[in-house]
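Summary of structural features
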Amino acid sequence: MSFLSPDPSLYTRRQFLGRGSNVLGFAALASLMGRDPHASAALAGALTGPHFPSKAKHIIYLHMVGGPSQMDLFDYKPKMQEWYDKDLPDSIRKGQRLTTMTSGQTRFPIAPSKYKFAQFGKSGMWMNSELIPNLNRCADDICLIRSMNTEAINHEPAITFMQTGNQNSGRPCLGSWASYGLGSMNENLPTFVVLVAEPSNKEQIQAISGKLWSSGYLPGEYAGVAFRSKGDPILYITNPPGVSTEVRRKTLDGLNALNQLNYQAVGDPETHTRISQYEMAYRMQASVPELTDINSESPATFELYGEEAKKPGSFANSALLARRLVERGVRFVQIYHNNWDHHGNLTGRMPDQCRDVDQPCAALIHDLKQRGMFDDTLIIWGGEFGRTIYSQGGLTHANYGRDHHPRCFSMWMAGGGIKGGVTYGETDDFAYNIVADPVPVRDLHATILHLLGFDNRRLSYKYQGLDGRLTGVDEAHVVKALLA
């Protein structure tokens, strides 16, 4: 027995069936996976390209972790001023479930937004006029969806559902599907990059982890690559002291040869993923330092994004890096910004949150436009759910808290084939239920895939005998009213 071959008694079921020496088993595996057993390229999960011409070549997804309050930012509800401290009517709640954080409250007092709203742009889009002045000026560039809704009511399943189309972990995220479907435009950079921005206010940080940018059952090469804000952008990308580039290259060649022998003996497709990751890491030694060195940017760029863009790890810095990444061919950039979980002290924290993201979001739109990249770069902004109109905890005119609310919330998109100046969907006077044009998460995903050139029903991957899809087995629809 080769020292590279494990004891057959230790084989996993997949390894046993996939062994080339087990002809019947190999044929069975190929049948289950829906692939030609002689097509080695198919085992790498490669896809030839989109199903039809795409409008978006890149995506920058700005996820506000915790769930921004829609009625304090985008969903104007002036009638609620008359309802201050009155109980939410049972006819509005309709017995809908609550989180354990407010299910024990004896009453549900209405908390109108303390912020002023106004109409902006030629479209007359209603938006908060105090906290997002820069985004206000982009009203005609964005499409505001006020009728988003989700199935999850708590953070972990909700953010997992928003990112992967399923409340259970282990599925590929949106960025991995884009990477798998479209492939790379720059062999020296990852196809899918993740940036975790540091909020200036850290009052209530939600836990996030690498499973949100996992490739799930897709090959590991389609997982997101997280860039760090301090030190080396990627761990161990710099050669250790005394190790030259030539030595690094020779070491990798030796490792790759051993991995190739291991693949021939064991047949695990993830071995090829490891080989490609080693090679990518080697190429990134030259490309990543150039990418993250923002000193070459002009003074006008820093004026556009703000001085915070010079601070590593800030949201402004992450937004600028996102532009630099897509400019260099990266397909999908995910930015997470934490501390939007406003159970209490909303008005004490919301100004900090908006100050972090307002100017950089507007700058990203302007920057992409002036570089001719706006039309093929889709920007997505939003959280995993919304907030309740009733207050959690103490209530005053000046301050209040809000619980999780999955029934309706707001998101916006811009560029990449999206129609600007559009407000889509309508909620009731309490921002509690949708009364027109609901957009479930699956429809949002179907629309995003459509902009990338994919039919959500056809973009799939054989896994355990099933056609795995981002939109799952339930029917999903492209929201055509959002498309330019």
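Note: the structure precedes this text.
As a starting point, this report considers the structure included with it. Owing to the predicted nature of the structure, the values given are computational and were not obtained by experimental measurement.

Before going further, it helps to examine the nonpolar core. Counting residues in hydrophobic clusters, the biggest one holds 58 residues, and the most contacted among them are Leu62, Phe74, Met127, Val333, Trp381 and Trp412. When residues in this core are grouped by element, the largest group, ten residues, is from helix 13 (residues 346-370). Once you skip the residues sitting within four places of it in the chain, Phe74 turns out to touch Phe117, Trp126, Met127, Ile132, Leu135, Leu144, Arg146, Trp381, Ser410 and Trp412. Core analysis: the next-biggest nonpolar cluster, separate from the first, contains 47 residues, Leu378, Met411, Val439 and Leu483 among them.

Evaluation of the coordinates by the stated rule reveals 15 aromatic pairs. Note on Trp177 and Tyr217: the rings are 6.3 Å apart at their centroids and 75° apart in plane angle, and the pair reads as edge-to-face. Here Trp177, found in helix 8 (residues 174-182), pairs with Tyr217, found in the loop between strand 5 (192-197) and strand 6 (225-227); they are 40 residues apart in sequence, far enough to count as distant. With respect to class, Trp177 is no different from Tyr217; both count as buried. Taking the centre distance of 6.2 Å and the plane angle of 10° together, the rings of Trp381 and Trp412 count as stacked. Separated by 31 residues along the polypeptide, Trp381 in strand 8 (residues 377-382) and Trp412 in strand 11 (residues 409-414) bring together distant segments of the chain. Trp412 carries the same exposure label as Trp381, and that label is buried. Grouped by ring-pair contacts, the aromatic residues Trp177, Tyr180, Tyr217, Tyr222, Tyr461 and Tyr463 constitute a single cluster. Sitting over the ring of Phe374, Lys369 keeps its end group 5.8 Å from the ring centre.

The next thing to look at is helix 8. Helix 8 sits mainly inside the fold: nine of its nine residues count as buried. Among the residues of helix 8, those classed as buried are Leu174, Gly175, Ser176, Trp177, Ala178, Ser179, Tyr180, Gly181 and Leu182. Where helix 8 terminates, the next one or two residues include Gly183, which has phi positive at roughly 75°.

So, about the pattern of salt bridges. The final tally for this structure, using the stated rule, is 23 salt bridges. Close ionic contact of Arg107 with Asp85 constitutes a salt bridge, the shortest N to O distance being 3.1 Å. Taken as a pair, Arg107 in the loop between helix 5 (90-93) and strand 2 (117-120) and Asp85 in the loop between helix 4 (70-73) and helix 5 lie far apart in primary sequence, 22 residues in all. Classification of Arg107 as partly exposed rests on a relative accessible area of 35%.

Now for the packing of helix 12 (residues 315-327) against helix 13. Between helix 12 and helix 13, the least distance of the axes is 8 Å, while the angle of their chain directions is 20°. Considering the angle they form, helix 12 stands roughly parallel to helix 13. Handedness of the helix 12/helix 13 crossing: right-handed. Between helix 12 and helix 13, the contacting residues are Phe315, Ala316, Ala319, Arg323 and Val326 on the first element and Asp356, Val357, Pro360, Cys361, Leu364, Asp367 and Leu368 on the second.

How each quantity is defined
- Residues numbered from 1 in each chain as written.
- Predicted model: local features only at pLDDT ≥ 70, side-chain atom pairs only at ≥ 80, totals over all residues.
- Heavy atoms only, no water.
- Core = buried A, V, L, I, M, F, W, Y, C linked by side-chain atoms within 4.5 Å.
- Buried < 20%, exposed > 50% of the residue type's maximum accessible area, 1.4 Å probe, protein only.
- Helix = DSSP H or I, 4+ residues; strand = E, 2+ residues; numbered from the N terminus.
- Contact = heavy atoms within 4.5 Å.
- Phe/Tyr/Trp six-rings, centres within 6.5 Å; stacked < 30°, edge-to-face > 60°.
- Lys NZ or Arg CZ within 6 Å of the ring centre and 35° of its normal.
- Salt bridge = Lys/Arg side-chain N within 4 Å of Asp/Glu carboxyl O.
- Axes fitted to C-alpha atoms, helices over the stretch in contact; angles between N-to-C directions.
- Parallel < 35°, antiparallel > 145°, perpendicular 65-115°, else oblique.
- Left-handed = near helix turned anticlockwise from the far one by under 90°.

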